[in-house]
Amino acid sequence: MKRLLLVIFLVCPVFMKAALAQSGSIRGAVVDSLTRKPLLEASVSLLSARDSSLVTFGITDGEGQFAFPKVAAGAYRVLVTYVGYRGKARPVTVSSATLNPDAGTIDLVATSQTLGEIQVQGEKAPIAVKGDTLEFNADSFKTRPNAQVEDLLKKLPGVEVSRDGTVKAQGQEVRKVLVDGKPFFGNDPKMATRNLPADIIDKVQLYDQQSEQSQFSGVDDGDREKTINITTKKDKRKGSFGQQSVAAGPQPGEDVRYSARASLNRFNNGRQISVLGMANNLNQQGFTAQDLGLGSNFGGAGQGMGGGGGSNLVRVGGGGTFAGVGNGGQVGNNAITQSWAGGLNYRDTWGKKIDVAGSYNASQTNTLTDQRSRRENVLPNGLSGTGRADSAFVTNRDNGSDNTNTNHRVNLRLDYRLDSLTTIRVIPNLSWLSSGFQTRSSSQTLDGQGRPVNTSNTNYSSTGTGFTANNSVLLLRKFRKRGRTISLNWNMAMNNVDNEGFNRSLNTFARPNTPISTTASGPVSQTAPFEQVINQRNDQETQSVTNSINLSYTEPLSLRQTIEFHYALSNNNNTSNRFVNNFNEATGQYDLPNAQLSNRFLNTFMTNRAGMTWQTNRLKYTYALGFDAQQAMLNSDNLTPDTTDITPGATFSRTFTNLLPNALFTYNFGKNRRLRVNYRTRINAPSVSQLQPVPDNINPLNIRLGNAALQPEYTHTLSLNFNRFQPTTFRNLFAFVNLSRTDNKIVNATRFNETGAQVTQPVNTDGYYTANGSLVLGQPVKLGQQKANLNLTTNLTYNRGTSFVNDRANLANNWLVGQGLNISSNFTEKLDLNLGGTINFQSARYSLQPQQNTTFLNQTVTIDAFYQLPGGFTVSTDVYYNHYGGSSGAFNQSFTLWNATLAKQLFKQKQGEIRFQAFDLLNQNRSIVRNVTDTYTEEVQSRVLNRYFLVSFVYNLRNFSGNAPGMSPFNRQGPGTGPRGFRRNG
């Protein structure tokens with residue numbers, strides 16, 4: 001902490017000095033041009049004369065007067081807007097000669113008055129509220145030279161951007177970022193925020209996007225995603241732009257670090273073509289790793305060496321991340337990753353009837369991990385299976401892995417308008433993944449007195465391929481009668497994974513009653529210590545095909561009431577084949593089938609769901625009441641006739657009938673205040689891996705076993721959202737609360753024996769509750785002589801659930817309370833400073849094992865500063881301080897990450913830049929994670945990327961030829977509407 005304070009005291013005065021320039025005040029009045037009466041609550045913006053960026057904001061008082069105190073010396077424009085009047089701007093200058101200039105009386109002309117031949121040029125207000133959409137004028141928020149959209153978002157009230165590029169708005173994560181109302185590189189939000197320049201952006205629109213069905217029919221189904229729509233400037237919709245960069249530099253004692261990145265975008269009004277490419281070994285990824293979950297079927301099995309047992313995970317700790325050239329995202333913070341990626345995005349309108357958008361992404365990542373961990377299993381005294389009163393085990397493990405993933409993704413979207421009333425929408429998505437994984441692990445387990453219990457040395461390797469396909473075909477038909485619609489939606493999803501792995505391990509057990517083999521009911525024991533040798537090949541084939549059909553019909557009952565009838569049929573088929581063969585010393589081949597670990601399993605989940613929704617729209621409020629009935633049939637078939645301890649050819653067939661009510665209420669209080677209450681119910685079926693009743697012994701000390709008798713989960717969810725925004729003062733308040741209860745929750749049941757080995761199996765239980773909420777407050781504040789944006793974010797999370805340890809129920813209660821603060825300000829045209837901090841308190845309480853109860857306190861502080869030096873030089877720095885403290889004194893830790901950049905702008909238009917960058921100057925980056933569950937406490941330390949240096953060259957391409965007025969076919973259609981004119985209610 002002392003180093004951090006030293007850094008702050010050394011760096012901040014340099015930046016703050018520029019903010020202490022001489023200041024004054026600006027006054028004026030606003031009146032009606034005809035009646036000369038003062039205009040009350042007119043919006044008054046103080047803009048920089050150089051670039052029209054917003055400096056401060058206010059409204060007129062009861063006498064029509066306004067004042068801006070403590071304004072730094074410089075040239076400004078006073079912009080006045082008022083509903084029903086044409087906006088007007090007036091220049092004003094604050095200088096040593098005129099510290100308190102008077103803008104005079106500004107007379108506004110009503111829009112209904114005849115202006116003769118006077119030409120009026122309108123200006124946009126910094127923030128506007130249009131229905132349920134919050135719209136920011138990008139030019140009103142100053143950003144650094146050559147900034148990306150991500151930097152612009154950081155300036156917006158109520159918007160936060162984390163160090164890994166995740167965007168939160170109004171306390172909720174933004175799941176979708178659109179460009180001119182359309183997807184950009186599929187549904188990857190970081191592709192737009194990190195690859196588009198801020199200076200081409202006209203507006204940023206923030207709203208909760210409804211499902212495509214709701215946008216079309218007007219009946220709200222409660223399915224919403226926090227969405228940002230970026231609209232480009234009209235004169236930037238025809239031309240080419242992009243950024244190219246190359247960087248290299250040393251890392252003491254390691255390989256040379258490098259990064260290369262290129263992007264080229266060609267916009268021609270409705271047609272957009274974008275090409276991206278990158279390569280680096282700086283833990284930066286090209287695209288969001290949304291498909292890497294397939295890798296868990298390959299490498300995840302080997303990583304199980306460090307996992308296993310327990311539920312209700314509480315995790316704290318971790319390492320810092322770096323923002324390298326091009327601001328690429330990091331692939332985790334507990335490994336060393338090098339990657340390359342490339343992509344193509346295309347969007348166009350073919351004729352008058354077809355809109356098409358598509359993208360292709362290819363990437364390859366190689367991730368090296370090196371971890372050391374200490375796990376302490378503490379079991380309740382006297383539990384069966386332990387054989388002793390002292391039930392503590394301590395396991396020390398070293399683990400390393402080498403994982404390579406190659407991924408290809410294709411996303412398409414086609415809208416075909418058959419006529420003015422009928423549209424067909426086709427959205428296919430394809431993904432291919434190949435993976436190679438190797439891991440080695442060595443561990444030793446001791447009892448509570450320090451006596452050896454077991455040792456394990458394991459080498460696991462696997463190769464595999466995966467294919468995923470999703471396709472949605474939507475037929476939308478409107479009728480001549482307003483509000484009458486019909487839609488038919490067919491969805492298909494396919495997932496195939498094929499993996500081959502080799503498991504070689506030597507396990508030594510020092511206790512009696514130790515396992516010599518594994519069956520479905522657990523380890524089989526003998527009475528003498530022994531060595532267990534495993535040399536096996538396992539082949540895993542998993543196939544999943546889901547087809548669903550949804551039919552919806554809406555009928556207007558009146559101008560204010562609409563009723564919707566809907567029906568859905570869904571069928572999901574999952575097949576999982578696992579074949580294990582032991583190594584044959586005689587033949588040198590893996591040709592000895594292991595029947596106990598092999599199995600062929602088929603699972604089918606079919607649902608029929610029908611219901612109706614009645615919606616009423618009033619001037620101030622909207623409510624919808626719905627009621628569905630669903631019949632679900634779950635069939636689980638064991639297709640292996642000779643499996644030991646599993647009933648040959650057993651079939652589990654069950655039918656479930658559920659009533660699924662839903663309700664929605666939205667109330668508009670006026671003055672930009674809105675409340676939404678949403679109640680939903682849903683059914684969640686168990687996965688095939690949870691159902692397949694065959695042991696997985698890749699980690700011999702942590703056997704995983706499926707449960708064919710699992711039932712689907714049934715969840716009730718109640719959510720409340722309240723938004724209030726005052727565009728005249730920039731004050732905003734966003735609050736949301738989610739409450740849920742789950743019946744038949746699928747949790748882990750874990751059994752231990754005195755050798756430290758365990759078997760984990762999923763089971764159903766009731767009494768699972770979760771609650772989470774967030775409160776975001778934002779408003780301008782005075783920081784010295786300048787105004788800044790202040791955001792306060794309060795988070796609360798609670799979950800209550802039951803798991804099982806050696807057949808006994810263990811009730812867990814977990815709490816997390818967090819408070820965040822962020823202040824950002826452009827002190828002058830040269831100085832930009834952002835400050836932030838968080839405090840999170842976390843608590844876990846267990847009924848069966850109170851010795852596992854724990855608390856943590858995590859604190860972070862961030863400083864991000866930028867200053868424009870003479871001669872085209874710029875300097876920037878960011879500091880990230882992290883402290884962890886908890887009930888375990890050994891885990892208390894602190895570290896500080898300090899990065900700095902010195903850059904020189906080149907060429908006439910400053911489109912080029914040479915950067916000298918230093919990362920982790922204090923060489924303190926680390927990754928230490930503490931995991932706490934109802935069965936163990938674990939600390940994991942990982943190798944991370946430490947101090948390195950880069951010299952880079954960046955070139956920004958800008959070549960625009962302008963655009964004819966009115967050519968903006970993808971603009972949103974005004975307040976309360978979604979992209980392409982879909983009406984959004986509520």
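Details of the structure are given in the entry above.
Fair warning: this is a prediction, and the values are worked out from it, not measured in the lab. (Residues numbered from 1 in each chain as written. Predicted model: local features only at pLDDT ≥ 70, side-chain atom pairs only at ≥ 80, totals over all residues. Heavy atoms only, no water.)

(A) Representation of the overall build of the protein chain. Within the protein chain, the secondary structure is distributed over 6 helices and 53 strands. Out of the 986 residues belonging to the protein chain, those deemed buried represent 53%. Residue pairs at least 24 apart in sequence account for 68% of intrachain contacts in the protein chain once pairs closer than 6 positions are excluded. Approximately 41,800 Å² of the protein chain is accessible, and the part contributed by carbon and sulfur atoms is 54%. (Helix = DSSP H or I, 4+ residues; strand = E, 2+ residues; numbered from the N terminus. Buried < 20%, exposed > 50% of the residue type's maximum accessible area, 1.4 Å probe, protein only. Contact = heavy atoms within 4.5 Å. Areas by Shrake-Rupley, 256 points an atom, 1.4 Å probe, with all protein chains shown as cover.)

(B) The environment of lysine 226, seen in detail. Of note, lysine 226 is situated in strand β16 (residues 224-232). Lysine 226 sits in the buried class, given a relative accessible area of 5%. For the pair lysine 226 and arginine 175, spaced 51 residues apart in sequence, the C-alpha separation works out to 5.9 Å. Not counting residues up to four positions away in its chain, the partners in contact with lysine 226 are Ala169, Gln170, Gln172, Glu173, Val174, Arg175, Lys176, Leu206, Tyr207 and Asp208. There is a polar contact of 2.9 Å between the side chain of lysine 226 and the side chain of aspartate 208. (Polar contact = N/O pair within 3.5 Å; in protein donor to acceptor, adjacent residues only side chain to side chain.)

(C) Looking closely at the sheet that holds strand β1 (residues 23-32). Strand order in the open sheet formed by 3 strands is β4-β1-β7, with mixed pairing between adjacent strands. At either end of the open sheet lies a strand with only one pairing partner, and these are β4 (65-72) and β7 (102-108). Strand-to-strand twist in this sheet, taken as the mean axis angle between neighbours without regard to direction, amounts to 20 degrees. Bridging between β1 and β4 involves 6 bridges; their strand directions are antiparallel. (Pairing = 2+ DSSP bridges. Axes fitted to C-alpha atoms, helices over the stretch in contact; angles between N-to-C directions.)

(D) Molecular detail of a positive patch on the surface. Residues Lys620, Arg673, Arg724 and Arg731 make up a contiguous surface patch of positive charge. Its place among the elements puts lysine 620 in the loop between β34 (599-617) and β35 (621-638). (Patch = residues over 30% accessible without salt bridge, like charges linked within 9 Å, V, L, I, M, F, W, Y side chains within 5 Å. Salt bridge = Lys/Arg side-chain N within 4 Å of Asp/Glu carboxyl O. Lys, Arg positive; Asp, Glu negative; His and termini not counted. Charge placed at Lys NZ, Arg CZ, Asp CG, Glu CD.)

(E) Broad picture of the packing of aromatic side chains. Across all of its chains, the model carries 19 aromatic pairs by this definition. Their ring planes at 80 degrees and their centres at 5.1 Å tell us that phenylalanine 241 and phenylalanine 267 sit as a pair that is edge-to-face. One end of the pair, phenylalanine 241, is in strand β17 (residues 238-249); the other, phenylalanine 267, is in strand β18 (residues 257-268), and 26 residues separate them in sequence. Like phenylalanine 241, the residue phenylalanine 267 is buried in the burial classification. Centre to centre, the rings of tyrosine 798 and tryptophan 815 are 4.5 Å apart; their planes meet at 40 degrees, and the pair counts as tilted. In this pair, tyrosine 798 is assigned in strand β44 (residues 786-805) and tryptophan 815 in strand β45 (residues 808-826), connecting sequence segments 17 residues apart. Owing to a relative accessible area of 40%, tryptophan 815 belongs among the partly exposed residues under this scheme. Through pairs of rings, three or more aromatic residues link up here, namely Trp614, Tyr621, Tyr623, Phe665, Tyr667, Phe669 and Phe722. Directly above the aromatic system of phenylalanine 960 lies the positively charged group of lysine 236, at a separation of 5.4 Å from the ring centroid. (Phe/Tyr/Trp six-rings, centres within 6.5 Å; stacked < 30°, edge-to-face > 60°. Lys NZ or Arg CZ within 6 Å of the ring centre and 35° of its normal.)

(F) Expanded view of a nonpolar patch on the surface. Together, Tyr416, Leu418, Leu475, Leu488, Trp490, Ile549, Leu551, Tyr567 and Leu569 line one region of the surface with nonpolar side chains, adding up to about 710 Å² of accessible area. At the level of secondary structure, the elements contributing two or more residues to the nonpolar patch comprise β28 (485-509), β31 (530-556) and β32 (561-584). Its place among the elements puts leucine 418 in the loop between β25 (392-417) and β26 (422-447).

(G) Focus on the nonpolar core. Core analysis: the biggest nonpolar cluster contains 40 residues, and Leu153, Ile201, Val204 and Ile228 have the highest contact counts within it. In this view, isoleucine 201 contacts Ala138, Asp139, Val149, Leu152, Ile230, Thr231, Thr232 and Lys233; residues no more than four positions away in its chain are not counted. Grouped together as the second largest cluster of nonpolar side chains are 20 residues, Val44, Val94, Ile106 and Leu108 included. (Core = buried A, V, L, I, M, F, W, Y, C linked by side-chain atoms within 4.5 Å.)

(H) Structural view of unusual backbone geometry. Backbone geometry places asparagine 269, a non-glycine residue, at a positive phi of 55 degrees. Structurally, the position occupied by asparagine 269 is in the loop between β18 and β19 (271-280). Residues other than glycine seldom take positive phi values, yet asparagine 923 does so here, at roughly 55 degrees. Summarising the element assignment, asparagine 923 is placed in the loop between β50 (912-919) and β51 (927-932).

(I) Here's a closer look at the pattern of salt bridges. Tallying each qualifying case throughout the model produces 34 salt bridges. Between aspartate 419 and arginine 477 there is a salt bridge, with its nearest N and O atoms 3.7 Å apart. Taken together, the positions of aspartate 419 in the loop between β25 and β26 and arginine 477 in strand β27 (residues 452-478) put the pair 58 residues apart, joining distant regions of the chain. Residue classification places aspartate 419 among the partly exposed residues on the basis of a relative accessible area of 37%. What makes arginine 477 partly exposed here is its relative accessible area of 28%. Glutamate 555 is the salt-bridge partner of arginine 484, the closest N and O atoms lying 2.8 Å from each other. Separated by 71 residues along the polypeptide, arginine 484 in the loop between β27 and β28 and glutamate 555 in strand β31 bring together distant segments of the chain.

(J) Looking closely at the environment of alanine 29. In this fold, alanine 29 is placed in strand β1. The spatial distance from the C-alpha of alanine 29 to the C-alpha of valine 80 is 9.9 Å, given a sequence separation of 51 residues. Residues within four places of alanine 29 in sequence aside, it is in contact with Gly64, Gln65, Phe66, Gly104, Thr105 and Ile106.

(K) Main features of the environment of tyrosine 567. Relative to the helices and strands, tyrosine 567 is located in strand β32. Along the chain, tyrosine 567 and leucine 551 lie 16 residues apart, while their C-alpha atoms are 5.3 Å from each other. Leave out the neighbours within four places in its chain, and tyrosine 567 touches Ile549, Asn550, Leu551, Asn608, Arg609 and Ala610. A polar side-chain atom of tyrosine 567 sits 2.5 Å from a polar atom in the side chain of asparagine 608.

(L) Structural detail: the sheet that holds strand β11 (residues 167-169). Spatial strand order, β10-β11-β12: 3 strands in an open sheet with antiparallel pairing. The outermost strands of the open sheet, each flanked by one partner alone, are β10 (159-161) and β12 (172-173). Across 3 bridges, β10 lies against β11 in antiparallel orientation. Across the sheet, valine 161 pairs through a bridge with valine 167, a residue of β11.

(M) Highlighting the pairing of β16. The buried fraction of β16 amounts to 8 of the 9 residues, a majority that puts the element mostly inside the structure. Here 4 bridges tie strand β13 (residues 176-179) to β16, and the two strands are oriented parallel to one another. Paired with leucine 178 across the two strands is asparagine 229, which belongs to β16.

(N) Seen up close, the pairing of strand β52 (residues 936-942). Burial within β52 is extensive, with 5 of its 7 residues counted as buried. In terms of strand pairing, strand β24 (residues 354-378) meets β52 through 7 bridges, oriented antiparallel. Note on β52: the bridge partner recorded for serine 373 is valine 940. Strand direction decides the pairing type here: β51 and β52, joined by 6 bridges, are antiparallel. Its bridge partner lying in β52, serine 927 is registered against serine 942. Linkage of β51 to β52, two consecutive antiparallel strands, is achieved through a turn of 3 residues.

So yeah, pure geometry; function would need other evidence.
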